[in-house]
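# Structural characterization, general
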Amino acid sequence: MQRNTTFLFDFDSTFIQVESLEILAEIALANHPEKAERLQAIQSITEQAMEGRYSYQESLAERMKLLDLNQSHLTQAIELLKQKITPSILRNRAFFQTHADNIHVITGAFIELVWPVVSPFGIKRENVHANRFIYDYEGDVLGYDHHQLLAQDQGKVKLVQKLALKDDVIMIGDGYNDYEVKAAGLASTFVAFTENITRNNVADAADAVIHELEGLFITCQLPFTSPKSPKKVLLLENIHPFVELYFKENGFLVESLPGALNAKELHSKLHDVSILGIRSKTEVTANIIEGAEKLEALGAFCIGTNQIDINKACEQGIAVFNAPFSNTRSVVELAIAEIILLARNAAALSGKLAKGQWHKSSTGAHEVRGKTLGIIGYGNIGSQLSIIAEALGMRVIFYDIADKLPLGNAKRCHHMDEVLTQADIVSIHVDGRKENHHLIDAKSFALMKPGVIFLNLSRDFTVDYEALNEVMRSGKMKGCGIDVFTNEPHESKSEYQTPLQQFENVILTPHIGGSTEEAQQHIGEYVSKNLCSYVNEGSSTGSVNFPQLSLPSMNYPQRIIHIHKNVPGILAQINRLFAESGSNIEGQFLKTNQEIGYVITDINRQCDDKLLQQLQAIPHTIKVRVLDK
Ligand SMILES: NC(=O)C1=CN([C@@H]2O[C@H](COP(=O)(O)OP(=O)(O)OC[C@H]3O[C@@H](n4cnc5c(N)ncnc54)[C@H](O)[C@@H]3O)[C@@H](O)[C@H]2O)C=CC1
Ligand SMILES: O=C(O)CCC(=O)C(=O)O
């Protein structure tokens, strides 16, 4: 950095992606009959003022007249604005922290909104210059302080004059009033910031136009560069918003899409992506993995990982993570609800009443107390279902290929057929391994009792749905609850047809077993933290295909990660290379699983290209990663 440079940052549409007064107006006018007209008027006045076509003083007065504000509006606006920080500002938090003494925020926005957003960046309170509201005793906003320089025309110019800065001054902003500081001779450079909005007359007047904050480091030849060029995260299938925010706060570039992508779309999107986040719909095949050169980690924001070619991911050194517990309770609650509703014929009766038919009857409606629930697959979901079903007075029997401890009074059966022949309700909770294709077929249905209730909330292919349709058509089955379907649509709100729609006593849900706010929030937190600490520090806790290593934080100049096929003798070769290169090993961690050897070495110096190439050349090496402290 040139010595003694002061950076003046605009706030609205520069530090944040939006105009704070517009956000405040959206909230304050939410229930106002003239909401649309007033919002449009506010936007139009802002735009004219920012382009320098309208007096700032008048524009502020006009906009404030259109609002009735109180404290609660401000509180809501602050929360929203914190989510709207400009991405390149967010990922360069370190820049603001490092140069806190030399950074000012100068804005016509209100301090009540500005300070909570900028303070986490280490910006000093005395360096934040903004307008302020005036309140009555009840906390309603009476107006604003007209005497503040920033409420006046040429307000930024007057304020910077008053600051009497001795340093070289660089003004960064998106509006004409930011340019005015340079025009008045108070800044050596005006940098137009266009990440959120481009105003042609402002860009034309600027000494430099930057699209992201990193452009400032280049334009001003600051040795401060982004800590690393940011890695890209692609999030698909409506993953919880926490995840996007979390990655952004940790310096990643994030793209979020609501639906799944098909193979072609996914292939072309992945070329520069380091972390891919999906749920159950995105097929990550061997071809996709092979083409994703930069992919380091893959997060399944769900339980099932059958949609991912795990073997290929191992071969390519890509760690896969999931959330094995976070949505299990949600699935169990849905299963219990469906069992009760189907036992009471409620799905059929509700469907009739929706069509105007009042069918009040107890015939064929049963309590679940005392009935036998047969669970196939006694894992995290099956075993929780067992406990809750027993609490409702049901008798539980189960079958699992693994030797599972029966919980409560549940009885373990040694053959699946035992469960199928005895249960009043059969519920499938096996995992999505390939061998489970059509685990439940026509023969299985034939073994079930007449009047059986059948649930599948696991994976579509575990059940032969043609056979299920047949048995439903035959009238043998009382009803079924199905949450997982063949060829589920990639996007929510799509059309979907299944022959099961013709039956009455069915509960058909669009794969929502795990779709509760609670589950999605927890999955989001769990998977994104594991992904982040894998990519940033090498910890593989929570990975489904890598040996799990929880590592200490990085205290030495470099951490070298060597991922290789699990064959004997690799560690010795790695350590020989370190010794020959004169690197001192400060700490070393090794864990293997059947496929992979995972060696992490902290060394006392920066590893040179030659050493890296030698590590990469060790036979059976899959990938070498270098992490800087
Ligand atoms: N509908 C939804 O939204 C959701 C569906 N799921 C699905 O539910 C299923 C169960 O999930 P978890 O309980 O978390 O899995 P889990 O892995 O904890 O349990 C699966 C159990 O099934 C057993 N198993 C596998 N094949 C079997 C077979 N052929 N016969 C008997 N037992 C067998 C395993 O030994 C294991 O104990 C998975 O397929 C998962 O993908 C999970 C969450 C949400
Ligand atoms: O909620 C989802 O997207 C998928 C849930 C699921 O099937 C799973 O967690 O395995």
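As the structure is a computational prediction, the values presented were derived from the model and not from experiment.

This part is about the site of ligand 1. Residues in contact with ligand 1 amount to 28 residues; listed here are only the nearest, Ile 381, Asp 400, Val 430, Asn 436 and Asp 483. Within the backbone of Ile 401, an N or O atom sits 3.3 Å from a nitrogen atom of ligand 1. Protein burial of ligand 1: of its 860 Å² of free accessible surface, 90% is covered by the chains. In terms of residue class, the shell around ligand 1 is made up of 10 nonpolar, 12 polar and six charged. Residue assignment places the shell around ligand 1 across two domains, with domain 2 (230-327 + 516-546) and domain 3 (328-511) each supplying three or more.

Moving on, we come to the site of ligand 2. Contacts to ligand 2 come from Arg 279, Ser 280, Cys 302, Ile 303, Gly 304, Asn 327, Arg 459, His 511 and Ser 515. Between ligand 2 and Arg 279 there is a distance of 2.7 Å, counted from an oxygen atom to a side-chain nitrogen or oxygen. At a separation of 2.5 Å, an oxygen atom of ligand 2 approaches a polar backbone atom of Ile 303. Contact with the protein chains removes 91% of the 290 Å² of surface that ligand 2 exposes when unbound. Its residues assigned to classes, the shell around ligand 2 shows two nonpolar, five polar and two charged.

Among the nonpolar cores identified, the biggest contains 58 residues, and Phe 9, Phe 11, Phe 15, Phe 95, Phe 96, Ile 123 and Leu 216 are the most heavily contacted of them. Grouped together as the second largest cluster of nonpolar side chains are 32 residues, Leu 235, Ile 275, Cys 314 and Leu 531 included.

Before going further, it helps to examine unusual backbone geometry. Positive phi, close to 60°, is recorded for Asn 345, a residue that is not glycine. When its relative accessible area of 15% is taken as the criterion, Asn 345 is described as buried. At Asn 487, a position not held by glycine, the phi torsion is positive, near 50°. Of note, Asn 487 is situated in the loop between β19 (479-482) and β20 (506-508).

Cut-offs and rules
Position numbers for residues start from 1 in each chain and track the written sequence from start to end. Chain A is the first chain written and ligand 1 is the first ligand written, with later ones labelled in order. The model is predicted, so local features are restricted to residues of pLDDT at least 70 and side-chain atom pairs to those at 80 or more, both for listing and for counting; the totals for chains, interfaces and linings are taken over all residues. Derived side-chain values reflect all non-hydrogen atoms in the structure, with water molecules and hydrogen atoms excluded from consideration. A single heavy atom is enough: if one lies within 4 Å of a molecule or strand, its residue is considered near that molecule or strand. Under this definition, polar contacts are N or O atom pairs within 3.5 Å; protein pairs additionally need one hydrogen-donor-capable and one acceptor-capable atom, and for neighbouring residues in sequence, both atoms have to be side-chain atoms. Values of accessible area rely on a 1.4 Å probe in the Shrake-Rupley scheme; residue burial ignores everything except the protein chains shown. Note that Gly is not counted as nonpolar here; it falls among the polar residues with everything else outside the nonpolar set of Ala, Val, Leu, Ile, Met, Phe, Trp, Tyr, Cys and Pro and the charged set of Asp, Glu, Lys and Arg. Residue ranges assigned to each domain were obtained from an automatic or database domain assignment. The term nonpolar core refers to a set of buried residues drawn from Ala, Val, Leu, Ile, Met, Phe, Trp, Tyr and Cys, joined through side-chain atoms within 4.5 Å. Here's how the labels work: a residue is buried when its accessible area is under 20% of the maximum for its type, exposed when over 50%, partly exposed in between, all with a 1.4 Å probe on protein chains only. Runs of H or I in DSSP of at least four residues are treated as helices and runs of E of at least two as strands, each being numbered from the N terminus.

Any functional reading would require information beyond the geometric quantities listed.
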